[in-house]
Every structure is written in structure tokens, then in C-alpha cells.
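Fold and contact review
Residue strings, one per chain:
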Amino acid sequence: MNRIISFFMAVITFFSNLFSGGADIGMLFRNEYTVPDKTVPYTRIDTQPKTDWTAEYIWDSSDGSEENVWMCMRKTVDLSEVPSSLSAYISADSRYWLYINGETAVFEGSVKRGPTPDDSYFDTVDIAPYLKAGKNVICALVWYWGKDTSFSSTDSGKAGFIFEAGDIVSDSSWKVCRNAAYLKDSGVSQPNYRLPESNIYYDARKETGDWLSPSFDDSAWQNAKENGKGGCAPWGKLYPRGIPMLKDYGLKDYENSAKFAGRTFITKRIITLDIPYNAQCTPYLKVEAKAGKKIRIFTENTWLGAVSDTYITKDGEQEFEALGWFNGEHITYEFPSGVKILELKYRETGYNTEFSGLFECKDEKLNALWQKSLRTLYVTMRDNFMDCPDRERAQWWGDVTNEMAMMMYSLDADSYLLYQKGVASMLGHIEDDVLQTVVPSTDSFFELPVQQLAGICGFRTYYMYTGDRDFLASVYDAALNYVNLWKIGSDNLVEHRTGSWDWLDWGNYADVAAIENAWYYYALSCIKEMADILGKNSDDITARMALIKTGYESLWTNKGYKSSGNLSPDDRANALAVISGLASEDKYDAITSVLTGTYNSSPYMEYYVLEALCRMDRYDEARSRMLKRYEKMIKEDYSTLWENWVKADGTSNHAWSGGPLVIMSKYFAGVRPVKAGYEEYIIKPELSGNDTVKCVVPSVKGYIKVTETKADGKFILDASLPGGAAATVYVPCTDGQTVALGGEVIYSNNTFTGAQGVDFIEAGNGYAAFSVRPDADVSLHFEAS
């Protein structure tokens, strides 16, 4: 009964937050960070497995198939001297924590299995800083999940741990002991079936002792059982993890920890501790209690199927950190009577990347939306890009495509590795030329056709922002083979492909034929561009595009594109017609009417609607629609964006909702590449009324920083540009105005008067455009008046 009460308390906590009211405009959310001084160089992940393993997978004497088991492992080694560096290659099914000489060397190692359906990843860790001359004790706590259904990992069916650092290798000389304090949680509040992780249920009365101490006596433990060298079944080949080890922000006080320090409740109490923003975290407690007191820990997301924790006290003063991460802003502890609270903390961990982009203007609602988009992106990054960090933690490819675009304007290049890893995993799961939408996964074969088409378009996007031609080469055949699976009917439109889930978007009244064909045409156009870059024949793709273009014209009405099954034009379909290039400019007015008067899209497809408005130069309309659609999320006293327009209809942290981040930096500030890898890019501000916009874009060439001010008929543009790239700078000006650079007039009376290192391109449509290609970083000050 107590567990049922706890579960419903989690639901009550959620709904109390849901209906707590919006924030004051002056209290809107903002991340606290400083943009790093330098950008991170672009790199590619290593996709070749390690094949020269000498270490053995080890476990205890059991067959390793039992679900949710925690194993303690120890190895004592003597070193005559400490090497300057020593790489340890480590893997576990499913997670490990590494301690050397009593010090934490790795907090949560291993990433979820799944480079292919049969293979695994390994970590590379320099352990030299933790070693000393003489006796060294290496300890590992290993957690085996063992669930055969998951949307984010593939279970091998057998627990295992492997460690190789020079001559120090995992083998039968290691000591192992099952950690009896970790028990099975059979309560009512269980994780969603899509998660491979289990709840944490820890009974401190059954602890193994201070087994992490170098002086601990492990002579009574059994020797490890060897189960095969690295690369063997059932764990398969071992590929480099490709992404950085997790970033550990350390234990922190909650915002209101001090309120409860030293308190002892005489009856059961449920208290909620607050974090400044939605974070991936592990909760910590230090208490004084008699043995047998049950403490529950959960978040506002537990009711959705997120993991939760239970701690059973031993006698006396004690501390505990629940190592299985969850996420939230509000961490709830349920204390029984008689427990004295000494400390309550949390440890934030997350993907190791830096917030490196910025957008600010005078509209605090837009600023809050950009910042919430960034926070939502970050909380959905860890082993993989996730749709959400609570209910699923799954790598849905439509979500990933949006997240990839967001990272280009907000995070450093270490984030790109997560996308590369995801793409490599998707390529490793191809079956019969079908690109699967959720990988890795132990669920049934999973294809959402339009998400895969969006993903193919994302390949081209990634190339535009990175210039990585080798990446294009790695995905080209898979993309081409997939679109060739689609059949074109006698009406010159594709035959509807249902996949394993016939899904286009969560929103209302989806125009299936118009959406599907626009996505297909867009994917074809991206593949044609890839073919041209790679020097491949694209005649068949061009022919397919011509057929679809002809067929799509049959969907045109004087009110927009619409198939016969729909009563009125759909915003998503018409947006995609613009983005894909199917819609000619003479149709833009009608399509604009659709996009400013129809609101069918979910937050996922809203990104594409806003993109289409901007491509049609309807920037004010895009800004107005953005503020209208996201109004409730902006005002909500919460740091992340919802899955749907109604908060209760889904998760409170869905990164597919963060498209406005891209739109603001790319179009409102106007910074975007026009040649792959920012070899050439434009700065074309689109300010609405008097405003000042500050934007930082962490491009692969270096930071592009602009401050754009429009006031009293004047425009000032300050730009810091990286060397080695060509920028076209559009300075807003009207007929009769002059443009000065660094205080010297360079454009007057429709005439370019010259400036060193600057070329005049054109004037018109409210701009004077100049080309700059500095050899080194440069700062420029333009002023139009």
C-alpha cells in the first residue's frame, strides 16, 4: 500500500507543477553559462573494432543471465613505477563504476550496446593519474540490466565485464562478489517497458562492507569466472564508444537543501528538493536513522515511467547515492518518521559538451524560448540522442534530425560525435535496405518511413554545416537504396509506405499524400546533391524527382496544396512543399495564408513550418507564429519544452520541440552556411522593429559573433569573423543611406567607394551586401544611416 501511495504522490507532484501557473516575464528561464574562448576542432569517430584483446570477460560462477544484478570486482596489482599514461580499455554489459585506490576513476562507464544488433562498445580511460608505486587496488561495480526489451539498447543475454590496461587484464585472478544490498524492486511504480534500466532498490543492512577501500580483505570472495576474450559471443565485436566519457558536475546542494538539514520528522513526510533546471542526475542523502527505515526518491517524471529509487537504512549515520540516473527539476524524497536528515544533494552528469552558442534580443520571451530549447536539447543527450530522458531514452531518427540541427547553433563540436555515432549505429542495423528509425533496439523491426526520409535530408544538413565529404560517402548508398524501395504509382505520386508504424506527426488532420510525397521529393533532392558532390550518376534520381514534381502539381488548389482526402490545406504539407523546392514562388502568398492560419502540426513538425516561412522571407509571420504556438511553454515555470502543445499529453522534455533555436540563430540573426563547412556563409539580419540581437554561432571555422542593432532608422552591425572563410554580410539599409565600415564611408549614392579586404556584391531589397574573406580572425563594424 505504501508503494501505491508513493506512486500517486508522484502523480500529484506532476500535476501540481502542471497547474502551478506561468512565470512572470521577468522570471523567464535562462541558462547560466559563458561561451568558451575557443571552438572545439571537428573530428570523426573511429568505427573500427578493437581485435587484439588479451583480457577475458569475467563474472561470478553463475551463468550471468539473471536480470538486474550488481557485481563487485577487485584486483590488486603491484607497480614498480607509475607510467606517464596508461590506457585502460573497458566494457561492461551493462554499466560500470571504476575506483582505483579508493578514488573514483570513472563515474558510470560503458554506453548502451548497439553498433550492430550483435556488437558492443568499449571505453578508453587513462588510469595513470590514479596509480602509485607499490600496491594498487582496482575496483569495479558492474550493473547488468538483462532486460530483453528495450528501445535504446540490445541485451546480450549475459552479464560481463572486461578490462585491459597493458599487463593488467581481467581474468580469473580478479575477485568478485555479488552486491547483496541491491535488490529487485517489485513495487507498483516500475520503469516504462522501453527502458533497459531498472529501479534502484538498496538495502543498506545487506551491504558488502567498505569494499572500495584498498585495505578491505577480499580473500573470502570467489575468483572470477572467465567467459571468453574480447570480441567473443555473446557480446560481439567491441567498437570504440566514439563519444566522450560523461561529464561529472560533482555533488551539489539543491536550491532548498538548507531548509531540511538537521530535521527529523515525527510522521512520514514527503519533501521536494529543487534543481535550477531539468538535469540528468543521481540523488544523494546523508542521514542518521535506525535500521529498516524505507526512503523513496522520485521526480516529477516518475509517473511517465521514469526510474525511481528506494533506500533501506542501516543503523547509525550513513550516506547513499542512487547510481542509476533520472531527470527532473524537482526531486522528491519520502521520509518515514525517525530519520534525521544530515545532507541532501544531487550529482548532475551529462554529455560532455559545452554550451557554445547564444541568441539574445529585446524580446525576453524569444530569449527564454531559445534557452529552453538549449536545455531541452542537452537533457536529451547521453549514450545517444533521445526523444525524452524519462519515458523512453530512445533514438528516434526524426527527433535526432532536429537535435542535430539544434546542436549546430548551440554546442561545441564534441556534440557532433553523438550524431556520428547514431548514424553509424543506424547503418549497422540495416535490414533488406530498410533504414530503421529506432536503433539500437530489441523491440520488433521498426521503420517510420517519413522519419527516415527526414533523416536522409538531415545527412545533407550535417554536411552543409561540417563540410565532411567522407560522412556523405558513408551514408550515400544506404540513403539511395532506401528511397529506391519506394514505388511511384501511375499518378506520379509515391505509393503509401506504412512501415512498421504508419506515423507522420502527432498533430491533427495530417494530409498523408501531400506530406509523404513532399518528404520523398526532398529526400531525393538531397541525394541528388550528394551524388553531385561525390561524382556519382544521378539520372535515376532526377527522373524520379521529375515524376513526383508532376504528380504533386495535381495537389495544388488556389488555397494551397491539398490531397482529395483532406478538407483544407495542411500546414505541414505546404511547409514541406516550400522546403523541398516543389512550390514555386508564385504560390508563396497562398501558402503563407495556410501557414499563418492553420495550426495542425505538433512541436516536431512546427520546426519545418517556421523554416518554410523564413525561406519565403516571411520573417515577421514566422516570429508571430512562434510566439503564439509556444506561448504556454515560454511562460511555464519549467526549463524544458513539452512533447505536445498540451503539457499533460506527453513528456515535459522533448528535444524535437526545440526548432525555434535554429530559426532564431539561422534566420532572425541571419547566420547560415551557403557552402559546405562554412567555406562561404551569410550574415543577413532580419530584425522586427527597433531591436538589438546578439548571436554567437560555433561554426567549424570558428566563432561567428554578431551584434545587430536597429534603431531610429539606423542599423549597426558588429561582426567577429573567423579566418579562412568567406562571409557575405548583408547590411540593412534603405535608398539614400550610406554604409560605413569602421567609421569610413564605403557605400553612398548607390556607389561602392572601396575598402581594403571588402568587396561590394549588390544592393537592393533593403540591403547592401559585402563580401569579406579574412585570412585571420577579424572584427568589423558596419553602420548604415
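Here we summarise the structure given alongside this text. (Residues numbered from 1 in each chain as written. Predicted model: local features only at pLDDT ≥ 70, side-chain atom pairs only at ≥ 80, totals over all residues. Heavy atoms only, no water.)

1. Structural notes on the packing of helix H2 (residues 364–379) against helix H12 (residues 619–629)
Filter applied, for reference: Here an angle of 0 to 180 degrees is reported between the N-to-C directions of two axes, which are lines fitted to C-alpha atoms, with helices fitted over the stretch in contact. Counting from the N terminus, the helices are the DSSP runs of H or I reaching at least four residues and the strands are the DSSP runs of E reaching at least two. Should an angle lie under 35 degrees it is considered roughly parallel, over 145 roughly antiparallel, and from 65 to 115 roughly perpendicular; all remaining angles are considered oblique. Working rule for contacts: check all heavy atoms of both residues, and any pair within 4.5 Å makes them a contact. Under this grouping Gly is polar, as are all residues other than the nonpolar Ala, Val, Leu, Ile, Met, Phe, Trp, Tyr, Cys and Pro and the charged Asp, Glu, Lys and Arg.
One way to put it is that H2 packs onto H12 with a least axis distance of 11 Å and a crossing angle of 70°. Comparing their axes, H12 and H2 come out roughly perpendicular. From H2, Lys365, Leu366 and Leu369 reach across to H12, where they touch Arg623, Met626 and Leu627. The residue inventory of the contact of H2 with H12, partitioned by class, reads four nonpolar, no polar and two charged.

2. Side note on unusual backbone geometry
Definition in use: Buried residues are those whose accessible area, probed at 1.4 Å on protein chains only, stays under 20% of the maximum for their type, while exposed residues exceed 50% and partly exposed ones sit between those limits.
Geometrically, the link from Ala233 to Pro234 is a cis peptide bond, its omega value of 5° lying close to zero. Residue placement: Pro234 occurs in the loop between strand S13 (225–229) and strand S14 (238–240). A cis geometry characterises the amide bond from Val439 onward to Pro440, with omega recorded as -10°. Within the fold, Pro440 resides in the loop between helix H4 (416–427) and helix H5 (449–466). Here Ser110, not a glycine, exhibits a phi torsion of approximately 80°, which is positive. Relative to the elements of secondary structure, Ser110 occurs in the loop between strand S5 (103–109) and strand S6 (120–126). If you check the backbone angles, Tyr509 has positive phi at about 55° while not being a glycine. Note on placement: Tyr509 falls in the loop between helix H6 (469–483) and helix H7 (512–534). Looking at Tyr509, the relative accessible area reads 64%, which means it is exposed.

3. Quick look at the sheet that holds strand S36 (residues 778–784)
Under the convention used in this document: Any two strands are treated as partners once DSSP identifies two or more bridges connecting them.
In spatial order, the strands read S22-S27-S28-S29-S36-S31-S32-S33; together these eight strands make up an open sheet with antiparallel pairing. In this open sheet, the two edge strands, each paired with only one partner strand, are strand S22 (358–360) and strand S33 (751–752). As judged from the nine bridges shared by strand S27 (residues 691–699) and strand S28 (residues 702–711), these two strands associate in the antiparallel manner. Bridging across to S28, Pro698 finds its partner in Tyr703.

4. Digging into the pairing of S28
Where S27 folds back on S28, the antiparallel hairpin that results is connected by two residues. Relative to strand S29 (residues 714–721), S28 runs antiparallel, the two sharing seven bridges. Among the inter-strand pairings, Glu708 is bridged to a residue of S29, identified as Leu717. With antiparallel pairing between neighbouring strands as the criterion, S28 and S29 make up a hairpin whose turn holds two residues, including Asp712 at a positive phi of roughly 55°.

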